[in-house]
Amino acid sequence: MPLTPTPLSDLLGVEIAGVDCRVPPSAAVKAEILEALYTHQVIVFRDQTLSEDELIAFSEAFGELEMHVNQQDGGYARPNFHTVTNLDKDGNILPPPEPGKEYNGTSAWHSDKSYMPYPSMATFLHGIEVTKEGGETLFASLTHAYAALDDEAKARLDGLKCVHHWAQSMRNSKSRPATEEEERLAPPVTHPLIRTHPGNGRKSLYIGYHASHIEGMDEDEGRAELFRLLDFATQDRFVYAHKWRVGDLVVWDNPSLVHKSAPYKKYEERRHLHRTVVRGGATF
Ligand code: OGA
Ligand code: MN
């Protein structure tokens with residue numbers, strides 16, 4: 001029976017019922033999921049009870065899983081499996097970091113791993129413990145933002161290339177400095193500023209906090225332009241806020257979106273999510 005996605009907002013996001021994500025999808029179901037993902041950009045599967053291995057197996061059906069550049073800040077669990085959490089290994093809420101040790105990357109608008117030569121195609125995030133107040137994941141559609149640019153802006157941006165760099169992302173988000181290991185794992189890379197989606201040919205801006213500057217332009221000027229574009233693209237009219245329920249498996253299309261977590265009481269409320277990331281191909 002074909003899947004019937006239900007819209008989560010007028011803009012983007014659908015809920016898909018009737019899929020048990022403990023079982024890797026058949027070829028037919030996988031094709032329907034990809035079609036929904038490329039069309040609606042965010043998919044939510046509700047009430048999923050998944051072990052780490054089951055999440056890995058389900059997401060691996062869509063491609064090779066990524067390792068994690070940031071192996072600090074609580075996020076590193078296994079090479080292909082990460083956590084987004086405010087808990088330590090014993091399950092206690094982490095205390096505030098020392099000055100200069102902060103990591104704010106998740107709460108700044110970004111597209112996952114755009115600092116890699118082959119950035120992520122999709123991220124799978126599974127809600128284990130979720131917050132009552134705040135802590136939504138906010139998604140801003142770069143496809144809708146691109147479509148809303150005027151013709152003059154589209155022509156001006158067409159053909160430009162953007163440098164993405166983990167170390168600059170850490171500066172952009174006022175986080176601790178990148179480590180030498182992180183610098184080694186993620187040297188600067190370039191991607192088109194206007195990206196064509198590999199799955200459906202739609203154009204979008206390809207920006208976010210991992211974007212450092214515009215190739216061939218003064219660095220500060222390029223960075224200022226990128227932040228202006230990001231402000232434009234993340235206006236409320238382009239944003240869907242996902243309010244988490246325990247058991248939600250949220251899958252998103254990285255080429256079409258920037259996302260971030262909304263603030264919450266991170267020293268009071270527990271927030272723990274399991275995560276896998278599927279690698280994409282070359283950008284064009
Ligand atoms: C991520 C991410 C946002 C959130 O997992 O890539 O950015 O709301 N998460 O936790
Ligand atoms: Mn992310």
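Only a predicted model underlies this, so the values are computations on that prediction, with no experimental measurement involved.

Examining the overall build of the protein chain
- Per the secondary structure count, the protein chain includes 7 helices and 16 strands.
- Taken against the 2.2 N^0.38 rule, which gives 19 Å for 284 residues, the C-alpha radius of gyration of the protein chain at 18 Å falls within 12% of a compact globule.
- Along the first, second and third principal axes, the C-alpha atoms of the protein chain reach 50 × 50 × 35 Å.
- In the protein chain, buried positions account for 51% of the 284 residues.
- For the protein chain, long-range pairs separated by at least 24 residues make up 83% of all intrachain contacts whose partners lie at least 6 apart in sequence.

Considering the coordination of the manganese ion (ligand 2)
- The coordination sphere of the manganese ion (ligand 2) contains the protein donors His110 (NE2), Asp112 (OD) and His259 (NE2), at a distance range of 2.1 to 2.2 Å.
- In primary sequence terms, the donor set of the manganese ion (ligand 2) follows H-x1-D-x146-H.
- According to the relative accessible area criterion, His110 is buried, its value standing at 7%.

Quick notes on the sheet that holds strand β9 (residues 189-192)
- An order of β9-β8-β12 is seen for the 3 strands of this open sheet, with the pairing classed as antiparallel. Sheet topology places β9 and β12 (211-214) at the edges, where each strand pairs with a single neighbour. Averaged over all pairs of adjacent strands, the angle between their axes in this sheet comes to 35°, without regard to strand direction.
- The sheet contact formed by strand β8 (residues 161-164) and β9 spans 4 bridges and is antiparallel.

Considering the side chain of Glu66
- With respect to the helices, strands and loops of the structure, Glu66 is situated in the loop between α2 (52-60) and β4 (76-78).
- Within the local environment of Glu66, its side chain forms a polar contact with the side chain of Arg279, the two groups lying 3.2 Å apart.
- If we skip the residues at most four places from it in the chain, Glu66 touches Pro79, Asn80, His82, Lys113, Tyr118, Pro119, Ser120, Val277, Val278 and Arg279.

Re the pattern of salt bridges
- For the structure shown, the criterion picks out 17 salt bridges.
- For Arg279, the salt bridge is made with Glu64, and the minimal N-O distance between the two is 3.3 Å. With Arg279 in strand β16 (residues 272-279) and Glu64 in the loop between α2 and β4, this pair connects stretches of sequence that are 215 residues apart.
- When the shortest N-O distance is used, the salt bridge between Arg176 and Glu182 registers 2.8 Å. Accessibility classification places Arg176 together with Glu182 in one group, the buried group.

Notes on the packing of aromatic side chains
- Taken as a whole and judged by the stated rule, the model has 10 aromatic pairs.
- Relative to Trp166, the ring of Tyr115 has its centre 5.1 Å away and its plane inclined at 65°; by these criteria the two rings are edge-to-face. Residue Tyr115 is located in the loop between β5 (81-85) and β6 (120-129), and its partner Trp166 is located in helix α5 (residues 166-172); the two are separated by 51 residues in the primary sequence.
- Ring pairing ties together the aromatic residues Phe45, Phe58, Phe62 and Phe124, which thus form one cluster.

Structural notes on the site of ligand 1
- Taken together, the residues surrounding ligand 1 are Val84, Thr106, His110, Asp112, Leu125, Thr137, Trp252, His259, Ser261, Arg271 and Arg275.
- In this structure, Arg275 approaches ligand 1 through a side-chain N or O atom, which is 2.8 Å from an oxygen atom.
- Burial of ligand 1 by the surrounding chains reaches 98%, relative to a free accessible area of 290 Å².
- Class assignment of the residues belonging to the shell around ligand 1 gives a composition of 3 nonpolar, 5 polar and 3 charged.

Regarding the environment of Ile194
- Within the secondary structure layout, Ile194 lies in strand β10 (residues 194-196).
- Overall, the relative accessible area of 9% leaves Ile194 in the buried class.
- As a C-alpha pair, Ile194 and Phe45 span 149 residues in sequence and 30 Å in three-dimensional space.
- Each residue touching Ile194, except ones within four places of it in the same chain, is listed here: Tyr146, Leu157, Asp158, Lys203, Ser204, Leu205 and Phe284.

What counts and how
Residues numbered from 1 in each chain as written. Chains lettered and ligands numbered in written order. Predicted model: local features only at pLDDT ≥ 70, side-chain atom pairs only at ≥ 80, totals over all residues. Heavy atoms only, no water. Helix = DSSP H or I, 4+ residues; strand = E, 2+ residues; numbered from the N terminus. Rg over C-alpha atoms; globule rule 2.2 N^0.38 Å. Buried < 20%, exposed > 50% of the residue type's maximum accessible area, 1.4 Å probe, protein only. Contact = heavy atoms within 4.5 Å. Donors = N, O, S within 2.8 Å, 3.2 Å for Na, K, Ca; no water. Pairing = 2+ DSSP bridges. Axes fitted to C-alpha atoms, helices over the stretch in contact; angles between N-to-C directions. Polar contact = N/O pair within 3.5 Å; in protein donor to acceptor, adjacent residues only side chain to side chain. Salt bridge = Lys/Arg side-chain N within 4 Å of Asp/Glu carboxyl O. Phe/Tyr/Trp six-rings, centres within 6.5 Å; stacked < 30°, edge-to-face > 60°. Near = heavy atom within 4 Å. Areas by Shrake-Rupley, 256 points an atom, 1.4 Å probe, with all protein chains shown as cover. Nonpolar A, V, L, I, M, F, W, Y, C, P; charged D, E, K, R; others polar.

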